[in-house]
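Summary of the model geometry
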Amino acid sequence: MPLPCLRRRLVCHRLSLLLLTLLVILPVHGEPARVVTLDWTLAETLVALGAEPAAVAQADAYHVWVGEPALPASVADLGLRTQPNLERLASLAPERILISPMFANLGPRLSRIAPVENLALYSPDTDTWQEMRTLTRRIAALVEHPAAAERLIADTEAALARQRRRLPPSPEPLLIVQFMDDRHVRVFGENGLYQAVLDRLGIDNAWSGRTNAWGFSLVGLEALSGIEARLVVVEPYPVGVEAALADSGLWQSLPSVRDGSMITLPPVWSFGALPSARRFAETLVTALTEHGDDHD
Amino acid sequence: MTTTSLTRPRAPALLCLALVIALLGLAGASLARQDLATALGALFHASPEDAESLVRHYAWWPRLAMSLLAGGGLALAGVLMQQVLRNPLAAPTTLGVASGANLALMAATLLAPGLLLVGREWVALAGGAGAMALVFALTWRRGLAPVVVVLAGLVVNLYFGALGMVLLLFHQEALKGLLVWGAGSLAQNGWSDAAFLAPRLAIGGVTAWLLLRPLAVLELDDASAKSLGVSLKHLRLAGLGVAVFLTGCVVSVVGVIGFIGLAAPNIVRLAGTRRLGERVLWSTLLGALLLATTDQLLQRVSGSLPTLIPTGATTAALGAPLLLWLIPRLKLERRPDVATSAFGRRHAAPGRLAATLAVAAMAAAVVALLVGQTHMGWTVTDDWAVLEWRLPRLLAAAGSGVLLAVAGTLIQRLTANPMASPEILGISGGSAIALIAAIFLLPAPGNLTLVLAGTGGALATLGVLVWLNRHSGFRPERLLLSGVAITALFDAVRAIVLAGGDPRGQQVIAWLSGSTYYVDLPAALAVAAAALLLMLASQPFTRWLDILPLGAPTARSLGIGLDRARLTLLLLVALLTACATLVVGPLSFVGLLAPHMARLMGFTRARMHLAGAALIGALLMVVADWLGRQLLFPQEIPAGLVASLVGGSYFLWGLRRPL
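Being a predicted model, the structure only gives us computed values, none of them experimental.

**Some remarks on the overall build of chain A**
Broken down by element type, chain A carries twelve helices and ten strands. For chain A, long-range pairs separated by at least 24 residues make up 62% of all intrachain contacts whose partners lie at least 6 apart in sequence.

**Quick notes on the overall build of chain B**
Summing up its helical and strand segments, chain B has 26 helices and two strands in all. Here chain B has a C-alpha radius of gyration of 25 Å; the compact-globule value for 659 residues is 26 Å, and the two agree. Once the C-alpha set of chain B is aligned to its principal axes, its extents read approximately 80 × 60 × 40 Å. Counting across all 659 residues of chain B, residues that qualify as buried make up 56%. When contacts within chain B are restricted to residue pairs at least 6 apart in sequence, those whose partners lie at least 24 apart make up 81%.

**Re the domain arrangement of chain B**
Residue and element names in this part refer to chain B. In terms of domain boundaries, chain B breaks down into domain 1 (62-329) and domain 2 (352-654). Counting residues at the interface gives 34 residues for domain 1, matched by 41 residues for domain 2. It is helix α6 (residues 146-170) that provides the largest number of residues to the side of domain 1 that touches domain 2, a total of 15 residues. Across the side of domain 1 that touches domain 2, the residue classes break down as 28 nonpolar, five polar and one charged.

**Here's the deal with the sheet that holds strand β9 (residues 230-234) of chain A**
Residues and elements named next belong to chain A. Here we have five strands laid out as an open sheet, ordered β8-β7-β6-β9-β10, and mixed in their pairing. Each having just a single partner strand, β8 (216-220) and β10 (263-265) make up the two edges of the open sheet. Strand-to-strand, the axes of this sheet are offset by a mean angle of 30°, without reference to chain direction. With three bridges joining them, strand β6 (residues 174-179) and strand β7 (residues 184-188) adopt antiparallel strand pairing. Across the sheet, Q178 pairs through a bridge with R186, a residue of β7.

**With respect to the sheet that holds strand β1 (residues 35-37) of chain A**
Residues and elements named next belong to chain A. Taken in spatial order, the five strands of this open sheet run β3-β2-β1-β4-β5, and their pairing is parallel. The open sheet is flanked by β3 (76-77) and β5 (116-118), the only strands paired with a single partner. Pairing between strand β2 (residues 55-56) and β3: two bridges, direction parallel. Each residue of the ladder has a partner; that of V56, found in β3, is D77. Across the sheet, helix α2 (residues 40-48) is in contact with β1, β2 and β4 (96-99); its angle to β1 comes to roughly 145°.

**Let's talk about helix α14 (residues 350-370) of chain B**
Residue and element names in this part refer to chain B. With 21 residues, α14 should reach 30 Å at 1.5 Å per residue; the first-to-last C-alpha distance of 30 Å fits that figure. P350, A354, L357, A361, A364, A365 and A368 are the residues of α14 that are buried. What you see down the axis of α14 is that its buried residues fit within an arc of 100°, all on one side. Facing away from the buried side of α14, by more than 90 degrees, are the exposed residues G351, R352, A355, V359, A363 and V366. Contact partners of the buried residues in α14: α15 (384-415) and α25 (606-631).

**Quick notes on the interface of chain B and chain A**
Opposite the 51 residues of chain B that make contact, chain A presents 48 residues. At the level of secondary structure, the elements contributing two or more residues to the side of chain B that touches chain A comprise α3 (51-85), α5 (113-139), α7 (172-182), α15, α17 (447-468) and α19 (505-512) of chain B. Broken down by element, the side of chain B that touches chain A gets its largest block of residues, six residues, from α3 of chain B. For the side of chain B that touches chain A, the per-class residue count stands at 26 nonpolar, 18 polar and seven charged.

**Here's the deal with the confidence of the model for chain B**
Residue and element names in this part refer to chain B. The predicted model of chain B averages 83 in pLDDT, with 92% of residues at 70 or higher. Counting interchain partners and residues more than four positions distant, the pLDDT-below-50 stretch residues 1-7 has 15 contacts. Across residues 335-343 the pLDDT falls below 50, and counting only partners more than four positions away or on other chains, this stretch makes 14 contacts in the model. With a pTM of 0.82, the predicted complex shows an ipTM of 0.80.

**A closer look at the pairing of β9 of chain A**
Residue and element names in this part refer to chain A. Along β9, five of the five residues are buried, which leaves the element largely enclosed by surrounding structure. Side chains R230, V232 and V234 project from β9 onto one buried face, and the interleaved L231 and V233 project onto a second face that is buried too. With four bridges connecting them, β6 and β9 associate as parallel partners. Paired with I176 across the two strands is V232, which belongs to β9. Of the strand pairs in this sheet, β9 and β10 are connected by three bridges, and their pairing is parallel.

The rules behind the values
- Residues numbered from 1 in each chain as written.
- Chains lettered and ligands numbered in written order.
- Predicted model: local features only at pLDDT ≥ 70, side-chain atom pairs only at ≥ 80, totals over all residues.
- Helix = DSSP H or I, 4+ residues; strand = E, 2+ residues; numbered from the N terminus.
- Contact = placed C-beta atoms within 7 Å.
- Rg over C-alpha atoms; globule rule 2.2 N^0.38 Å.
- Buried ≥ 20, exposed ≤ 12 C-beta atoms within 10 Å, placed from the backbone.
- Domains from an automatic or database assignment.
- Nonpolar A, V, L, I, M, F, W, Y, C, P; charged D, E, K, R; others polar.
- Pairing = 2+ DSSP bridges.
- Axes fitted to C-alpha atoms, helices over the stretch in contact; angles between N-to-C directions.
- Expected span 1.5 Å × (residues − 1).
- Arc of directions from axis to C-beta.
- pLDDT = per-residue confidence, 0-100.

Printed below as a string of structure tokens:
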């Protein structure tokens, strides 16, 4: 075979190899993996994995209630979480639809559009942190970013460990609540996001009462009385609640309110996964340490 | 007004005494858990270092005070309403005041939160007064007849409830606090609420006392009352104004508390108290004690549960069976029926009108199928990949429209009552209770499970209805009032379930909002087939349907076995309603509106009335479903709600004429 010909063939070969790699790489980096999800917890995990979903249900409400990590503007809105717009979903031609067990009844219909993955978090009687890691790995495998999962898990755990080092050796117990109205709060305990974070940070949760399957219990304010703990209020406050609390004898007599050590945290998605966990840990520890300094 | 065996003069006093003993026992048991002297002392002051005494002072005692105040206030409002309207079933909850207040607060939370800072009670008051005004507007021309008023109240309750559901569907996170409030919790954390409520109730009480003598005149009939020189209109307005004010104040502080306002005055009356002054006194006392005792009981029970059991909804749930027991014992004033003769002008050519409607329905169906918004804007398409999603919904909408319209026509003719509708029988409510139970008790239930649960619930409700009314010969008013009780139970169950804030509540809300969303093609075909079959099945009964509205004596003299006819039609209505409920949920006012619109258009004979209503029902639902999918694209507004809004507006507009 003459040399030039061979060389040409070699060049051809290399070119085609290059083309092939380009073809393989481009869809991964240039285009988002065509995964859609109805669940905000799955959505935040996808974004954190660097595999932005093509569409999310109630994207505008996600900005309000989850916020970080932010959805890119390119993410399409599917309509209500409980009733995503099927026509729109079909026209987006997703490769995969991720749901949580809450939307299981939609499964059969959605599976006509694309394969449906039902991913659970906060299952009863499981270690929440382990479950979050498993969830992250499963999602990453589905979008073919397995390395990203390990990175996200390692980053999050390192971040939490860093936060833990900022805390005193035996931090005081906390009581984490979110106001429903001026008389009722959700208090967070077993089997929830906040509990999982507190465990990693080595902080005790002062709430020992029972909680529902989503890790909280709805109680009247009087249930907080008599618990020796520093109060952490997760925002937002409903309208008028702060004013009403100023008049509430019981609230004003809570030790943490009386000595001004109560902490208020910006909103975090209470049913989130690793990204929400990290954000909660960082804002919590920052508030605890800053506040502690003022306090002393 | 009533004739029961319970006529002993001391009866209300004895009842109250029994409740006082029960209350003291329960409260004493709770207080005895710590040192009694300290616990009693905590009423006046709390020692800041002692958590136990803090809870007593700031939560337990105010809660007891609040339950007494709220119970008394609601019972007083109930007596006033019942006296003014001469209607033993009038109450803050039955007249829509509570649901009006609820909706107003929801709307204010979303649209104008500033209003809530100005004063929650005024927002609640405005909503309540608006709802009641609507009830009166609906019933004015029927002379505010008791049964009609209560049914109109129920319609308004359902309508406002539906609006509330949709606000919730789109804004569940923002409204979660109001769900707790809507279920009526008495939890307290200071004396400020009690201090707010007490003077307002005192003002209401004094005003009621001043109105006592003139109001007693209302026991006479209108003519005699007028001859005594009383301005009836102003008197009624004043009486109702006080009642709404009392309700609004209570509701704005502790939320919606069902049943007390209805039950306390009726129990006192059944116990043999006749004079208005005595009824006001004993009802107020009994209401206060009833709520306080229930609340103490609940506190004992709910301490160990992971979620709060709201008192207001629980009293309503516990009260529903009592209401079922109460209804046959109430003597409802019968007034000469006016409206049924006015079954509208007959259209000259109903056949041609029906044909026009059929063409309109077909045209709407074609548009709904082919035209729609996509991510590229408005498009016309005949691509099966798109139609695949639209066809089931179209069929389901049309089918359930027909089912509900036929059911509505049957029940309105059966009861000779233009306010009757399938929802009001309670069948939808019963099937909804079963569905809620399935969603919450079973792990990840599929659609088939839900359908089975819903059917079971509908059948069970029907069984209860038939069993309760077996002796009264299925008298229409009794039937409808049993439905009121079942619907009250459903409202209570819904409120309790949603108040807990469980994320599965979203699924309940989505289903309750009345959407064709969950229907796939086989189900849609089944609905359409059922609509067609049941429509045909109703044809043999058109003779009964022509005669029944003329009244029982006429029907009997024409040789109709009333019991059998009523039971047969009732079964048919139940079947129709159950089928439709499973598809579009319990709330869609097509069953109320379509028969009306058909009558207004001039379909008078039963056969044409059925056909006209069915066509209008189908048209309304198809248009509603399509509009719902387009208006807020990509979010979808449930068809049932759009139908209610479209039809409801038409309904109110039609009020300018006699119904």
